[in-house]
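Remarks on the overall topology
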Amino acid sequence: MALEEYKGVFVFAQQVDNVLDGVAFELLGKGKDLAKDLGTDVTAVLIGSGVKGLADQLAEYGADKVIVVDDPELKDYRTEPYAHALASVINEFKPEIMLVGATAIGRDLGPTVSARVKTGLTADCTSLEIGDFPLVAAPGKESEQKHNQLLMTRPAFGGNTIATIACPDNRPQMATVRPGVMQKIAPISGAKANVVEYNPGFTPNNRYVEILNIVKAVKSTANIMEAKILVSGGRGVGSKENFKLLEDLAEVLGGTVSCSRAVVENGWLPVDLQVGQTGKTVRPQIYFAIGISGAIQHVAGMEDSDLIIAINKDEDAPIFDVADYGLVGDLNKIVPALTTALKAE
Ligand code: FAD
């Protein structure tokens, strides 16, 4: 099959218990941009049991079309039937681009499906663009410029470099994308989905795993990906107890406390609150970085915040390179003074 026969941008619309994951909306937002650049449209692939009712929500967030694979076998996520469903959709509808959220489910599903449809996959992308990709030829041969490729960017070598990867010889071009990185569009209320139902058939051979019981994780901490104001602390805060200073500041601001990996490694705060490459990607209106040096792996998770305010005693700390406002000094003096001043307002 010629590569030109693959058309359209497809997004895997992850749902659990008939609730769509926010990353599906984020991918639709990005998918729309990519589709515009390619002169094509964006399709959501909705897989599950009794999920058709979610299609209009996907239309509200930008899906031009929704392919629904609905079957009792697909009630709860299992690799085998879901991979069969998505690979069959790809083989039938031939998308040029297939995007999947880098959630626990997406990290399992994406690579399984890419192997099955014999294409590549770039995992954990932080940026996607359409552009030209230079294909460097063997010595003595001429290099070639491949046009309109999906340029997939992700941190590599432990976050020490950023790699841009393309998939020029196979289709679809597949990527998993970190939740929180792409922006969803403002929902178009009342949009109705153009639904295409498709069922590749599920034979008993697909039943490799039987689910005996599902134990839901109890969330004990705030969702820092949804907070509008984050008061984030690093190793410089000094101790678990001293995080009280940041909690007080967060309280007067109506914000939430988050942290760097050093804080999690010290056992001061739980990993749910970690921002960065191996933590969460956040995009709040205001991000306070307090006693955080600004290592590349931390910055990767917060640099798209609308306003960054850094407090650090070291004026050369790299966090000041990404900060909009910087305060050089001891956080033990600055943070309580700020809290008191805000309280007085
Ligand atoms: P430090 O680098 O120790 O910085 C502490 C800062 O506090 C210093 O700048 C210091 O000047 C300042 N300070 C000290 N005392 C005071 C005071 N009294 N007043 C004001 N300022 C003070 N890190 C993450 O955060 N998130 C990740 O997801 C992540 N993923 C990683 C993935 C990989 C593969 C690797 C290799 C590393 C990762 N890291 C991550 C770790 C990262 O490289 C840094 O080690 C970490 O971010 C450092 O945390 P920190 O800034 O809190 O601590």
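If you're wondering where the values come from, they're calculated on a predicted model, not measured in any experiment.

Thresholds, definitions, all that
Residues numbered from 1 in each chain as written. Predicted model: local features only at pLDDT ≥ 70, side-chain atom pairs only at ≥ 80, totals over all residues. Heavy atoms only, no water. Helix = DSSP H or I, 4+ residues; strand = E, 2+ residues; numbered from the N terminus. Buried < 20%, exposed > 50% of the residue type's maximum accessible area, 1.4 Å probe, protein only. Contact = heavy atoms within 4.5 Å. Areas by Shrake-Rupley, 256 points an atom, 1.4 Å probe, with all protein chains shown as cover. Lys, Arg positive; Asp, Glu negative; His and termini not counted. Charge placed at Lys NZ, Arg CZ, Asp CG, Glu CD. Phe/Tyr/Trp six-rings, centres within 6.5 Å; stacked < 30°, edge-to-face > 60°. Expected span 1.5 Å × (residues − 1). Domains from an automatic or database assignment. Salt bridge = Lys/Arg side-chain N within 4 Å of Asp/Glu carboxyl O. Pairing = 2+ DSSP bridges. Axes fitted to C-alpha atoms, helices over the stretch in contact; angles between N-to-C directions. Parallel < 35°, antiparallel > 145°, perpendicular 65-115°, else oblique. Left-handed = near helix turned anticlockwise from the far one by under 90°. Near = heavy atom within 4 Å. Polar contact = N/O pair within 3.5 Å; in protein donor to acceptor, adjacent residues only side chain to side chain. Nonpolar A, V, L, I, M, F, W, Y, C, P; charged D, E, K, R; others polar.

1. Brief notes about the overall build of the protein
- On a plain count of helices and strands, the protein comes out with 9 helices and 17 strands.
- Expressed as a percentage of the 345 residues in the protein, the buried residues total 48%.
- Once local pairs closer than 6 in sequence are excluded, the contacts in the protein between residues at least 24 apart make up 65%.
- For the protein, the computed accessible surface area is about 16,900 Å², with 50% contributed by carbon and sulfur atoms.
- When the 32 positive and 44 negative side-chain charges of the protein are each reduced to one mean point, those points stand 3 Å apart.

2. Regarding the packing of aromatic side chains
- Within this structure, the stated rule accounts for 4 aromatic pairs.
- On the basis of an interplanar angle of 80° and a centroid distance of 5.4 Å, the ring pair of F93 and Y198 is categorised as edge-to-face. Of this pair, F93 sits in helix α3 (residues 79–93) while Y198 sits in the loop between β12 (195–197) and β13 (229–233), placing them 105 residues apart in sequence.
- The partly exposed category is assigned to F93, whose relative accessible area is 25%.

3. Some points on α3
- When the terminal C-alpha atoms of α3 are compared, their 21 Å separation across 15 residues agrees well with the 21 Å that a helix rising 1.5 Å per residue should span.
- Turning to α3, its buried residues number three or more, namely E80, P81, Y82, A83, A85, L86, A87, S88, V89 and I90.
- Just downstream of α3 lies K94, where phi reads positive at about 50°.

4. With respect to the domain arrangement of the protein
- Domain parsing of the protein yields domain 1 (1–138 + 145–195) and domain 2 (227–344).
- For domain 1 versus domain 2, the separation of C-alpha centres amounts to 33 Å.
- In this complex, domain 1 contributes 10 residues to the contact, which on the side of domain 2 involves 9 residues.
- Run the count over domain 1 and domain 2 and you get 0 salt bridges.

5. What to know about the sheet that holds strand β16 (residues 307–312)
- Taking strand neighbours across the sheet as the criterion, the 5 strands line up as β14-β13-β15-β16-β17 in an open arrangement whose pairing is parallel. Single-partner strands in this sheet number two, and they are β14 (256–259) and β17 (325–328). Adjacent strand axes in the sheet meet at a mean angle of 20°, parallel and antiparallel pairs treated alike.
- Sheet contacts for helix α5 (residues 244–253): β13, β14 and β15 (286–290); angle to β13, the most-contacted strand, approximately 175°.
- Against the sheet, helix α9 (residues 331–344) touches β15, β16 and β17, its axis set at about 135° to β16.

6. Some remarks on the packing of α5 against α9
- Their axes nearest at 9 Å, the elements α5 and α9 cross at an angle of 25°. The orientation of α5 with respect to α9, classified from their angle, is roughly parallel. In the crossing of α5 with α9, the sense of the turn from one axis to the other is left-handed. Mapping the contact onto sequence places L245, D248, L249, V252 and L253 in α5 and L331, N332, V335, P336, L338, T339, L342 and K343 in α9.

7. Observations concerning the site of the ligand
- Close to the ligand lie 26 residues, the nearest being R235, S260, T278, S293 and N312.
- One nitrogen or oxygen atom from the side chain of S293 is found 2.7 Å from an oxygen atom belonging to the ligand.
- One of the side-chain nitrogen or oxygen atoms of D330 is found 2.9 Å away from a nitrogen atom of the ligand.
- Calculation on the ligand without its partners gives an accessible area of 990 Å², and the protein chains cover 77% of this total.
- Secondary-structure elements contributing two or more residues to the shell around the ligand are α6 (261–265), α7 (296–299) and α9.
- Of the residues in the shell around the ligand, the class split is 5 nonpolar, 16 polar and 5 charged.

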